[in-house]
Amino acid sequence: MRVRLLGPVDALVDGVPVSISGLRRRAVLAALALHGEGIAGTGWLIEAVWGAEAGGVSPNTLQSHMSSLRRILGDRTAIVARPPGYLLGSGTTDVTEARRLIARGEYCDDPGESVATLRAALALWRDRALIDVGGVAWLDEQAASLERLRTRAQLALIRARLALGEHAQLEPELERLALARPLDEQVHAQLMLALYRTGRQADALGVYRRLRAALADNLGIDPNQRLRDLEIAILRQDPALEESALAVRLLAG
């Protein structure tokens, strides 16, 4: 069994998607799956799922949801009761697999293998993470964290594709990302390199100036040292900017 959280909450049982009815029931499964290894205490689960309403929820209510989930999943061992709470039985989550693939892709020396691995990780997202359990405070926090993980994978994929020389293909995507994330230094660094490599030195420097102004106006800071080094390299038309090793160093998050 694989609990899937990178989109609507459901489970794959023998490769077949099994939908989970009811907001609280989905939230209980998501909280249990996100707890990680070890036993998730009954009190913690109630607090995570019901939040401000937790004071009026009894352990019997949680137990009823666990029984329903076992029936839906078709396996009494899918969720194990063990004092002081519960834990998932045999199985895994798409989040665990995504983290594994992203870590492998980020630290792979071969850009081609890195691209393939990161694409496999991003393919696990079927929609925004935990999209059908919104409004549950703790799970909203987890959803935001998982979206940051998704962005991290997207930027690592762009970095690997730049190392492969795909700067021309990436320009439109990076332009959109820079507009959507006007203070994101890594996105702007990637855009600067892509523009420079397609012969648009002036445009690359213009991206730096706009970012510098936005950071000063909104946060009262200057671009980080990595970006400043990239600007100098572009001004000098440093031949090393065409080398994938330098691109990885300059654009690393």
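Residues numbered from 1 in each chain as written. Predicted model: local features only at pLDDT ≥ 70, side-chain atom pairs only at ≥ 80, totals over all residues. Heavy atoms only, no water.

**Notes on the pattern of salt bridges**
- Tallied over the entire structure, the rule returns 13 salt bridges.
- The salt bridge partner of E53 is R24, with a shortest N-O separation of 3.4 Å. With E53 in the loop between α2 (42-50) and α3 (59-73) and R24 in helix α1 (residues 23-34), this residue pair connects regions lying 29 residues apart in the sequence.
- Here E147 makes a salt bridge to R150, at a shortest N to O gap of 3.5 Å. Taken together, the residues E147 and R150, both in helix α6 (residues 137-163) and 3 residues apart, mark about one turn of the helix. (Salt bridge = Lys/Arg side-chain N within 4 Å of Asp/Glu carboxyl O. Helix = DSSP H or I, 4+ residues; strand = E, 2+ residues; numbered from the N terminus.)

**Structural notes on the pairing of strand β3 (residues 16-19)**
- As paired elements, strand β2 (residues 10-13) and β3 share 4 bridges and run antiparallel to each other. Counted as the bridge partner of D10 is S19 from β3.
- In this structure, the hairpin formed by β2 and β3 is closed by a connection of 2 residues, where D14 is found at a positive phi of approximately 55°. (Pairing = 2+ DSSP bridges.)

**Side note on the nonpolar core**
- Counting residues in hydrophobic clusters, the biggest one holds 52 residues, and the most contacted among them are L5, M66 and L130.
- Looking at this core, the elements that each hand over two or more residues are α1, α2, α3, β6 (85-88), α4 (94-106), α5 (111-122) and α6.
- Residues L155, I158, Y196 and L227 belong to the second largest nonpolar core, which totals 25 residues. (Core = buried A, V, L, I, M, F, W, Y, C linked by side-chain atoms within 4.5 Å. Buried < 20%, exposed > 50% of the residue type's maximum accessible area, 1.4 Å probe, protein only.)

**Section: α3**
- Its 15 residues give α3 an end-to-end C-alpha distance of 21 Å, which sits within 8% of 21 Å, the value for a rise of 1.5 Å per residue.
- Considering only its buried residues, α3 is in contact with β2, α1, α2, β5 (79-82) and β6.
- With its phi angle positive at about 70°, G74 sits one or two positions after the end of α3. (Expected span 1.5 Å × (residues − 1). Contact = heavy atoms within 4.5 Å.)

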